[in-house]
Each structure stands twice: as structure tokens, then as C-alpha cells.
Amino acid sequence: MITYDMIKKCPKVELHDHLDGGVRVETIIDIAKKDNISLPSYDAEELKELLKKGCEQKSLSLYLRAFEITDAVMQSRENLIRISKEAVLDLKEDNVVYAEIRFAPTLHTKGGLNLEEVVNAVLKGLEEGKKETGVETGLILCAMRNEDPSDTLEIAELAVAFREKGVVGFDIAGDEYGHPPKKHLEAFQYIRNKNFNITIHAGEAFGIESIWQAIQICGAHRIGHGVRIVEDMAIEGGAIRKMGSLAHFINDMRIPLEMCLTSNVGTGAAESYQSHPFPILFKNGFRVFLCTDNRLMSDTNLTKEMSIAAREYGLGIRDLEKITINAMKSAFIHHDEKIRIIYDVIKKGYSELREEYSIF
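Definitions and cut-offs
- Residues numbered from 1 in each chain as written.
- Predicted model: local features only at pLDDT ≥ 70, side-chain atom pairs only at ≥ 80, totals over all residues.
- Heavy atoms only, no water.
- Axes fitted to C-alpha atoms, helices over the stretch in contact; angles between N-to-C directions.
- Helix = DSSP H or I, 4+ residues; strand = E, 2+ residues; numbered from the N terminus.
- Left-handed = near helix turned anticlockwise from the far one by under 90°.
- Contact = heavy atoms within 4.5 Å.
- Buried < 20%, exposed > 50% of the residue type's maximum accessible area, 1.4 Å probe, protein only.
- Polar contact = N/O pair within 3.5 Å; in protein donor to acceptor, adjacent residues only side chain to side chain.
- Pairing = 2+ DSSP bridges.
- Salt bridge = Lys/Arg side-chain N within 4 Å of Asp/Glu carboxyl O.
- Phe/Tyr/Trp six-rings, centres within 6.5 Å; stacked < 30°, edge-to-face > 60°.
- Lys NZ or Arg CZ within 6 Å of the ring centre and 35° of its normal.
- Patch = residues over 30% accessible without salt bridge, like charges linked within 9 Å, V, L, I, M, F, W, Y side chains within 5 Å.
- Areas by Shrake-Rupley, 256 points an atom, 1.4 Å probe, with all protein chains shown as cover.
- Lys, Arg positive; Asp, Glu negative; His and termini not counted.
- Charge placed at Lys NZ, Arg CZ, Asp CG, Glu CD.
- Parallel < 35°, antiparallel > 145°, perpendicular 65-115°, else oblique.
- Nonpolar A, V, L, I, M, F, W, Y, C, P; charged D, E, K, R; others polar.
- Right-handed = clockwise from strand over helix to strand, strands pointing away.

1. Some words on the packing of helix 6 (residues 77-93) against helix 7 (residues 115-133)
Right, on to step 1. At a minimum axis separation of 7 Å, helix 6 and helix 7 run at an interaxial angle of 35°. The crossing of helix 6 and helix 7 is right-handed. Touching Arg77, Leu80, Ile81, Ser84, Lys85, Val88, Leu89 and Lys92 of helix 6 are Val118, Ala121, Val122, Lys124, Gly125, Leu126, Glu128, Gly129, Lys130, Glu132 and Thr133, all from helix 7.

So, in C-alpha cells, the structure goes:
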């Protein structure tokens, strides 16, 4: 029987982790007091309960409102460095060996920083975290779907400009409904022309049309969430009986799906853990893996997400290893770096874990 302590020791890879969705509550309070920022509560436990209320009540509006609080304390170079470094320290505590952290630079310019200063501050924090922990990270820059396409292009250009300094990809986030990714086609064409990496939030709050656009029009290399892909399948008794052309294409082309169990249930993208499409996709060979999305708002980490998968879907250590390798194969770093981490860190770590617990 796999236990929580065993899972915590597992090497992990995190590819969908929003920086402003994982700020420490104590840090929020500390910065708010320092910078004279109003909070609904200055008690750590009370504030934590408020910030995770949206997820617990399956209220997307409450869930998103929590970001107003975290973004408010992320408007200076000092604060961005601190929060980015602490993110790496927290990932290390969860035994994450490689992580891609994403954020939207435009949300952090209210204090007078320009976009380049914002990105530089976050990269500095990540580098400080790496020096202290050894955890390797990449940064993904997000544009927002509701913004003007010219703003999206600016973030795409910013991502490419920082590609040799730690930025590994480009994403577009925000409300899918009424904001299709194809409206920002110029930005995606720019990224593709520069041989750079694209992940797109799609198939979370809107159906397979959103996923199709992300892949076939915008050229996404990975899909954030993608839970609605099951709408392109006929499923009976927990098994896939038939797939449409999009589902086949995603599976055949090994397009990775960044799955976030607790977040999806909390925002209503999935009705429950039991009905979440992750186990069906995993058992049918799709390249899926587990992510946290927003560790603070969902009150989670990868150990918790893997524990949920083990409990709800009957997964064992070898399944968790496969999920972790799926994630590492999908990372936005060079192939030789992926191979090194897979064999020297992930496979080695799982082998030692199986030996420790006599799992053969």
C-alpha cells in the first residue's frame, strides 16, 4: 500500500505552477504590513481559509478573487525576488527536482516596474532559489486572453528576448469563454517563427473547440488542463470505446496535457475526483501528468496531488514514476537535459525508493 510519506519522497516534476497562485500566506501578511497593503485578515490561518474558499466552494469567481490579494504584494522588485525564491524553496520541500513556473508580467507593473524589470526580478529569485536548493527551474511568461493582441505580442517578444536567461516558454491564460486563442494569432506565429515553446490554457472552462484552436491554429506544444478532451470520446464503463480525430491526434502526436486534479474540481472543470478524466487518459496511454496549478488557492502540492491519484485511481509507485517521466519528457528544455534528469535523478530516485520499501 503506497503511503503519503512514500509519495513525498518521490522525485517530482512540476510544469503548471502559477507564481501568484503559490505565495506563502505568511509572506503575504509580512509584505502587506511592510507596504501598507490592506488585507481582509492579518491572521495567517484566517487568511489561508479565505484564499482557499473558492476552491472548496467550487466558486470560480471566489477562486479568481484570491489573486487580487497575491498580485497586490507582487509589485516591487524586492517582493518579486523574495516570492520567486520562496517558490523554489517550497518546491524543494516537496521533492520537486525540476519545475516550470509561470506568471503574467503585465499584472506586476502597477508599482512602476517595466516588463523587463519584472521578468528580471523573478528570474533572480528563481536563481537564488536554485543556488540554495539545487532545484532547476524554467520560467513561462503568460499573456492574458482578455488583453489586446498587441499586448500579447509584446509578451511573446519578451519571452523570446529572455530565452537565454531562463525563460523557456510562452502561455496565454485567463477566461476561455469569449476569448479564443486565435485572436492572438500574431503572437503565436512570432513564437513559432523563433523556434520557441508554447503551452496554452485550453479545454478547462470551454470545450474541444478551444483545444483544437490551441493546437491546430496556434501551434501549442502542450495544453494546460485539457480536461474537456473527453468530449471527443465515447466512454463506457471507464474505458474509451471511440475517439474523434482531435483526441486521436493528441494521443498520436504525444501532445502533453497538464492535469491539475484539485484545481479542476475546485473550479468546476471536473465534477469530482472520481469523474476527472485523468485516470482514463493515463490508462489509455495519453501523455498526461499531474500539476498543482495554484498551490495556495487549492491548498495543495504535488505530494497531495499524487496521493489523491493513488487513493482515487489505485496508482502505485511505478505509475507515479511513469507520470513523472511523462512530465520530464514534456519539459521545455533541451533534450540532453531532459535525458540527464530522467536517468540521473528521476529513475535513480524511484529505484532507491523501491529498494527502500522492498517494492519489486
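After presenting the structure, the write-up continues.
2. Observations concerning the environment of Arg311
Right, on to step 1. One can find Arg311 in helix 14 (residues 302-313).
Right, on to step 2. By relative accessible area, which is 54% here, Arg311 ends up exposed.
Right, on to step 3. In sequence terms Arg311 and Thr3 are 308 residues apart; their C-alpha atoms lie 9.4 Å from each other.
Right, on to step 4. A polar side-chain atom of Arg311 sits 3.1 Å from a polar atom in the side chain of Glu312.

3. Overview of the sheet that holds strand 3 (residues 136-144)
Right, on to step 1. Pairing in this open sheet of 8 strands is parallel, and the strands run 1-2-3-4-5-6-9-10 from one edge to the other. Either end of the sheet is taken by a strand with one partner, and the two such strands are strand 1 (12-18) and strand 10 (288-290). Taking each pair of neighbouring strands and ignoring which way they run, the sheet shows an average axis angle of 25°.
Right, on to step 2. Bridge analysis of strand 2 (residues 96-103) against strand 3 gives 6 bridges, and the strand direction is parallel. Residue pairing in the sheet places Arg102 in a bridge with Ile140 of strand 3.
Right, on to step 3. The strands touched by helix 6 are strand 1, strand 2 and strand 3; relative to strand 2, the strand with the most contacts, the crossing angle is about 145°.
Right, on to step 4. On the sheet, helix 10 (residues 208-217) packs against strand 5 (198-202) and strand 6 (222-225) and is oriented at approximately 170° with respect to strand 5.

4. What about the pattern of salt bridges?
Right, on to step 1. Considering all chains together, one arrives at 26 salt bridges under this definition.
Right, on to step 2. In this structure, the salt-bridge partner of Arg82 is Asp30, at a minimum N-O distance of 2.7 Å. Placement of Arg82 in helix 6 and of Asp30 in helix 2 (residues 25-35) is noted, with a sequence separation of 52 residues between them.
Right, on to step 3. Arg82 gets classed as partly exposed once you look at its relative accessible area, which sits at 30%.
Right, on to step 4. By relative accessible area, Asp30 is classed as partly exposed at 39%.
Right, on to step 5. In this structure, Asp299 and Lys304 form a salt bridge, with 3.6 Å as the shortest nitrogen-oxygen distance.
Right, on to step 6. Judged by relative accessible area, which is 25%, Asp299 ranks as partly exposed.

5. Section: the packing of aromatic side chains
Right, on to step 1. Evaluated as defined, the whole model comprises 4 aromatic pairs.
Right, on to step 2. For the ring pair Phe170 and Phe188, a centre distance of 5.6 Å and an interplane angle of 65° mean the geometry is edge-to-face. Remark: Phe188 occurs in helix 9 (residues 185-193) and Phe170 occurs in strand 4 (residues 167-173); sequence separation between them is 18 residues. For the pair formed by Phe170 and Phe188, the shared burial category is buried.
Right, on to step 3. Sitting above the plane of the Phe162 ring, Lys165 keeps its charged end 5.1 Å from the centroid.
Right, on to step 4. Above the ring of Phe332, the side-chain terminus of Arg222 is found at 3.9 Å from the ring centroid.

6. Section: a positive patch on the surface
Right, on to step 1. Together, Arg254, Lys322, Lys329 and Lys347 make up a region of like positive charge exposed at the surface.
Right, on to step 2. Along the chain, Lys329 turns up in helix 15 (residues 317-329).

7. Remarks on the packing of helix 15 against helix 16 (residues 335-356)
Right, on to step 1. Two elements in contact, helix 15 and helix 16, have axes whose closest approach is 10 Å; the angle formed by their N-to-C orientations is 170°. Regarding the angle of helix 15 to helix 16, the classification is roughly antiparallel. For the pair helix 15 and helix 16, the contacting residues are Ile317, Arg318, Leu320, Glu321, Thr324, Ile325, Met328 and Lys329 in the first and Lys338, Ile341, Ile342, Ile346, Lys347, Tyr350, Leu353 and Arg354 in the second.
Right, on to step 2. Looking at the contact of helix 15 with helix 16, its residues break down into 9 nonpolar, 1 polar and 6 charged.

8. Here's the deal with a negative patch on the surface
Right, on to step 1. Side chains of Glu116, Glu117, Asp148, Asp151, Glu154, Glu157 and Glu186 sit close together on the surface and give a patch of like negative charge.
Right, on to step 2. Residue assignment for the negative patch shows that the elements contributing at least two residues are helix 7 and helix 8 (149-161).
Right, on to step 3. Within the fold, Asp151 resides in helix 8.
Right, on to step 4. A relative accessible area of 31% means that Asp151 is categorised as partly exposed.

9. Description of the pairing of strand 4
Right, on to step 1. Extensive coverage of strand 4 is indicated by the burial of 7 of its 7 residues.
Right, on to step 2. With 6 bridges joining them, strand 3 and strand 4 adopt parallel strand pairing. Counted as the bridge partner of Met144 is Ala173 from strand 4.
Right, on to step 3. Following the chain from strand 3 across helix 8 to the adjacent parallel strand 4, one finds a crossover that is right-handed.
Right, on to step 4. Where strand 4 and strand 5 come together, 3 bridges link them in parallel fashion. Across the sheet, residue Ile172 finds its bridge partner in strand 5, namely Ile200.

10. Concerning the pairing of strand 8 (residues 239-243)
Right, on to step 1. With 4 bridges joining them, strand 7 (residues 233-236) and strand 8 adopt antiparallel strand pairing. When the bridges of strand 8 are listed, Ile235 appears paired with Ile240.

On their own, these measurements won't tell you what the molecule is for.
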